[in-house]
Amino acid sequence: MSRVYLDRNWLFTEEFKEEYIASAIPEGKIVNVPHTVKETAFNYFDEHEYQMVSCYQKNITYDKAWKGKNLYLVFEAVAHQADVYINGEHKKCHKNGYNAFSIDVTDLLCEGDNLITVKCNSKEDINQPPFGYVVDYMTYGGIYRDVYLEVKEPVHIISCFYKPIPMAPSTAKKARKEIARMDVAAHLKTEYKLSEEAKDAVKNHAIIVKQYLNDKPILELPIDSSLETTAPLSKVKLWDIESPTLYNVKTELVYDGKVVDSNEETIGFRDIAFKPDGFYLNGRKVAIRGLNRHQSYPYVGYAMPESIQRDDARILKNELGVNTVRTSHYSQSKYFMNECDKLGLLVVTEFPGWQHIGDKDWKHIACKNVKEMIKEFRNHPSIILWGVRINESEDDEEFYKKTNNIAHHYDPTRPTGGTKAGTKMQTFEDVYAYNDFLHNGTNEGCHKKKDVVPKEQLNMPYLVTEYNGHMYPTKNYDTEEHRRDHMLRHAKVMNDIFGTEGLSGGIGWCMFDYNTHKDFGSGDRICYHGVCDMFRNPKLAAQVYASESDDVDVLELASTMDVGEHPECNRGRTYILSNMDYVKMYKNDKILREYTSKDSEYSNLKHGPILMDTFVSLEDMIEGEGYSKDQAKAVGDMLNWAALNGWGNLIQLKVIKMAAPLVFKYHMDPGDAVKLFQRYVGDWGGESAQYKLEGYKNGKLVKTQTVGTVTDVHLETKVSSDLLVEDITYDVAAVRIRALDQFDNLVPFFQEAVVAITEGPIELIGPEVIPLRGGMCGLYVKTKGEGGKAKITLKASNVTEPVTIPLEVVVK
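Rules used throughout
- Residues numbered from 1 in each chain as written.
- Predicted model: local features only at pLDDT ≥ 70, side-chain atom pairs only at ≥ 80, totals over all residues.
- Heavy atoms only, no water.
- Helix = DSSP H or I, 4+ residues; strand = E, 2+ residues; numbered from the N terminus.
- Rg over C-alpha atoms; globule rule 2.2 N^0.38 Å.
- Buried < 20%, exposed > 50% of the residue type's maximum accessible area, 1.4 Å probe, protein only.
- Contact = heavy atoms within 4.5 Å.
- Areas by Shrake-Rupley, 256 points an atom, 1.4 Å probe, with all protein chains shown as cover.
- Patch = residues over 30% accessible without salt bridge, like charges linked within 9 Å, V, L, I, M, F, W, Y side chains within 5 Å.
- Salt bridge = Lys/Arg side-chain N within 4 Å of Asp/Glu carboxyl O.
- Lys, Arg positive; Asp, Glu negative; His and termini not counted.
- Charge placed at Lys NZ, Arg CZ, Asp CG, Glu CD.
- Phe/Tyr/Trp six-rings, centres within 6.5 Å; stacked < 30°, edge-to-face > 60°.
- Core = buried A, V, L, I, M, F, W, Y, C linked by side-chain atoms within 4.5 Å.
- Pairing = 2+ DSSP bridges.
- Axes fitted to C-alpha atoms, helices over the stretch in contact; angles between N-to-C directions.
- Parallel < 35°, antiparallel > 145°, perpendicular 65-115°, else oblique.
- Left-handed = near helix turned anticlockwise from the far one by under 90°.
- Nonpolar A, V, L, I, M, F, W, Y, C, P; charged D, E, K, R; others polar.

Participant: Break down the overall build of the protein for me, citing the residues and quoting the values.
Facilitator: Broken down by element type, the protein carries twelve helices and 48 strands. Taking 28 Å as the expected radius of gyration for a compact globule of 812 residues, we find that the protein reaches 30 Å, a close match to that expectation. Projecting the C-alpha coordinates of the protein onto the three principal axes gives extents of approximately 105 × 60 × 50 Å. Burial analysis of the protein (812 residues in total) assigns 57% to the buried set. Taking the intrachain contacts of the protein between residues at least 6 apart in sequence as the baseline, contacts between residues at least 24 apart amount to 71%. Taken as a whole, the protein presents about 32,600 Å² of accessible surface, with 47% of it coming from carbon and sulfur.

Listed below in structure tokens is the structure:
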């Protein structure tokens with residue numbers, strides 16, 4: 001089998017006309033796939049802009065080498081309804097904007113040029129999922145994933161479903177390095193779907209299957225009418241979140257002594273089980289800790305190439321430190337899924353839909369969507385759960401019995417779930433999946449299992465698939481208290497989920513902010529529900545997730561310590577986010593105290609946020625006031641309490657009780673309390689202090705942070721890759737930009753505009769002038785089909801100097 005990619009040089013027009021079915025678009029724009037029907041503004045745009053019936057065209061010149069072969073034209077995704085015409089004849093109507101489809105064009109392509117026309121309907125009034133009512137995300141439009149032609153012999157493999165089965169693995173008490181070294185026995189079962197010519201050959205016992213694992217032969221035998229084989233394996237290594245070992249399996253079809261076709265997939269051997277008490281991976285109980293992801297980006301919606309799709313998986317695993325992602329609310333790019341396989345990132349995926357269930361025809365399409373999703377992605381070891389219920393929809397017994405049956409038929413190896421917005425709902429799935437929005441900032445973080453799952457099904461597994469999100473939208477430029485409380489809400493819910501019996505874990509809403517319809521969001525067509533902004537810059541809440549991982553060093557004081565930012569100049573609750581063994585905190589180079597994770601009130605988290613409860617340096621007070629150690633401690637305790645609760649509360653009974661011994665024992669004047677507060681804690685009109693955190697692991701200093709008065713601002717950039725590769729299509733580099741002070745801390749209210757200037761074989765996606773929002777922004781550049789050196793220069797007012805980002809473009 002060979003594959004001819006067709007991503008380049010399509011003709012595109014925003015208006016489909018009947019004459020385009022059989023004749024060329026006269027004034028079409030030349031575009032490359034992935035493509036969006038309409039580039040949009042960052043915010044405040046009308047969602048009707050991308051809702052249209054557009055047209056794509058491409059000529060395929062017949063290659064004489066294809067004669068006698070079977071030809072399949074494959075579209076990996078067209079949003080949302082695609083009518084495909086071959087040389088003027090209608091050959092396919094596909095009603096699913098999120099999964100691949102193919103057309104047998106063996107008898108349709110002729111010598112010379114062949115016209116492929118795609119009528120692309122991206123309107124939101126079509127009768128198919130996810131449409132029919134309001135949808136809380138933009139759905140965009142276009143041919144936004146790869147297009148290619150598969151060339152095969154008549155006797156060929158249509159698909160292989162590989163079922164890697166390790167023999168009773170257990171890593172329950174194994175360390176990460178031990179898991180990576182483990183060998184277990186296994187079987188590799190394979191289900192084949194063959195062409196009609198191949199099935200005829202099977203009846204005549206003329207087909208032999210050869211199978212290789214990482215190029216080592218594991219099976220060779222005649223295939224029988226069951227179209228199944230099993231290869232025993234003496235030892236394999238496990239795929240695990242700690243050590244995601246992958247194997248390349250290659251299956252060859254031998255006919256008349258010749259290899260006529262082959263199928264290659266990347267697989268992993270792992271054992272998954274959702275049980276009443278939690279989720280188990282390879283016999284080890286694992287708490288699911290994840291975030292939901294939409295597949296959208298600023299300006300271009302869904303249309304991003306391989307490198308950027310993979311980058312989101314890397315951000316989730318390597319920066320945010322989660323172990324699970326839910327592909328809300330539809331199937332996502334194979335490249336994203338491949339990277340999840342590679343990184344050991346667990347995936348919960350689901351078919352398209354949002355709350356609404358349509359009529360009979362709509363449901364019929366939805367059932368086909370389930371089938372397409374599972375057949376396309378079932379070889380991915382990262383997938384642990386199929387979502388077979390429309391997100392947050394009402395009960396529909398007949399419909400959901402069908403979707404579950406389809407899932408179990410096409411993949412009996414994985415459980416099903418279905419995300420519900422209500423408690424005690426009908427459940428035909430294997431896992432009760434629930435969006436738990438109980439927490440409002442003051443109450444419990446989540447429901448108890450018994451309050452959600454039907455009484456007669458309490459023994460079934462239970463998973464929280466969304467929390468927070470709309471309960472507390474948070475922008476980069478919100479007040480410090482607001483951003484802090486957003487962080488604390490994520491910490492509280494995650495803490496309570498991990499402490500709730502019978503819960504497999506939770507998946508927060510969501511990874512990043514996203515464009516949405518006028519019915520949702522903040523009026524500017526953005527839902528600010530993410531722990532990152534739309535460019536994937538982290539908000540404070542992101543550090544709650546990162547702190548739970550040991551793979552990235554986290555140390556951050558969740559405040560600029562500027563009293564004027566806070567009501568009544570009271571900083572209130574200030575937190576340290578860290579996954580260090582211990583943290584030393586200093587004020588003006590004097591030690592305040594040492595903190596560890598045990599100081600966090602979030603006891604179910606490995607490294608929960610730590611409340612800063614010491615603002616006064618005893619050393620400072622002893623030196624400055626001449627106090628004894630005991631007197632300094634007593635005064636310090638009183639001032640620390642006031643720092644947390646406000647100096648205006650110094651007259652409260654608790655403080656009076658704390659102050660009484662100071663008056664009688666040390667003969668201190670109560671009127672000095674406010675002066676001492678201003679001097680040692682800080683208040684309006686007082687001199688600002690400098691704070692320093694030192695983070696230690698295994699007794700060694702590994703990270704520091706200094707917080708003080710901002711005297712200088714510079715731009716920090718993080719580039720997804722400085723090497724862009726033009727291969728089957730264009731490549732893109734994502735640049736995340738943050739304004740930092742002289743200590744490399746985010747400057748959250750720096751709102752200047754960044755001007756981006758490109759040189760070389762690249763061009764900007766979106767505008768040249770990008771405002772910093774909350775001290776953060778980003779941009780994308782794409783290649784133009786030529787190789788060579790390139791660079792991006794960034795300038796902004798009140799920034800010390802421009803930033804130059806060198807890039808290299810390679811054309812394959």
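Structure shown, so let's carry the discussion forward.
Participant: I'd like to hear about a positive patch on the surface, residue by residue, with values.
Facilitator: Taken together, the side chains of Lys95, Lys193, Lys368, Lys371 and Lys375 define a basic patch exposed on the protein surface. Looking at which element gives the most residues to the positive patch, the answer is helix H5 (residues 360-377), with three residues. Relative to the elements of secondary structure, Lys193 occurs in strand E14 (residues 184-194). What makes Lys193 partly exposed here is its relative accessible area of 40%.

Participant: Pulling in residues and values, what's your account of the packing of aromatic side chains?
Facilitator: Within the structure shown, the criterion is met by 23 aromatic pairs. Note on Tyr144 and Tyr302: the rings are 5.2 Å apart at their centroids and 50° apart in plane angle, and the pair reads as tilted. Taken together, the residues Tyr144 in the loop between strand E11 (142-143) and strand E12 (147-152) and Tyr302 in the loop between strand E23 (288-293) and helix H3 (306-319) connect sequence positions 158 residues apart. Here Tyr144 and Tyr302 have matching classes, each one buried. Relative to Tyr696, the ring of Tyr582 has its centre 4.8 Å away and its plane inclined at 10°; by these criteria the two rings are stacked. A residue pair is termed long-range when its members are at least 10 positions apart, and Tyr582 in strand E35 (residues 582-587) and Tyr696 in strand E38 (residues 691-697) qualify at 114 residues. When its relative accessible area of 21% is taken as the criterion, Tyr582 is described as partly exposed. Look at Tyr696 and you get buried, because its relative accessible area is 11%.

Participant: Can you break down the nonpolar core residue by residue, with the values?
Facilitator: Trp10, Phe75, Leu320, Leu715, Leu779 and Leu794 are the most contacted members of the largest nonpolar core, which has 149 residues in total. Looking at this core, the element that brings in the most residues is H5, giving seven residues. By size, the runner-up hydrophobic cluster in this structure holds 34 residues, among which are Val583, Met612, Met621 and Leu693.

Participant: Would you mind going over the sheet that holds E12 in detail, with residue names and values included?
Facilitator: Across the sheet, which stays open at both edges, the four strands sit in the order E1-E12-E5-E9 with antiparallel pairing between neighbours. Edge positions in the open sheet fall to strand E1 (2-5) and strand E9 (101-104), since each of these has one partner strand only. Adjacent strand axes in the sheet meet at a mean angle of 25° when their direction is disregarded. Sheet topology note: the strand E5 (residues 70-75)/E9 ladder contains four bridges and is antiparallel. Across the sheet, Tyr72 pairs through a bridge with Asp104, a residue of E9.

Participant: Describe the packing of helix H9 (residues 618-625) against helix H12 (residues 672-680), and please don't skip the residues or the numbers.
Facilitator: Across the interface, H9 lies against H12 with an axial gap of 12 Å and an inter-helix angle of 120°. If you check the angle between H9 and H12, you find them oblique. For the crossing formed where H9 meets H12, the hand is right-handed. On H12, the residues that touch Asp620, Met621, Gly624 and Glu625 of H9 are Leu676, Arg679 and Tyr680. For the contact of H9 with H12, the residue count by class is three nonpolar, one polar and three charged.

Participant: I'd like a rundown of the pattern of salt bridges, residues and numbers included.
Facilitator: This model, assessed by the stated rule, comprises 46 salt bridges. Ionic pairing is found between Lys518 and Asp519, a salt bridge with its closest N-O pair at 3.3 Å. Given a relative accessible area of 41%, Asp519 falls into the partly exposed group. Ionic pairing is found between Lys590 and Glu623, a salt bridge with its closest N-O pair at 3.2 Å. Taken as a pair, Lys590 in strand E36 (residues 590-595) and Glu623 in helix H9 lie far apart in primary sequence, 33 residues in all.

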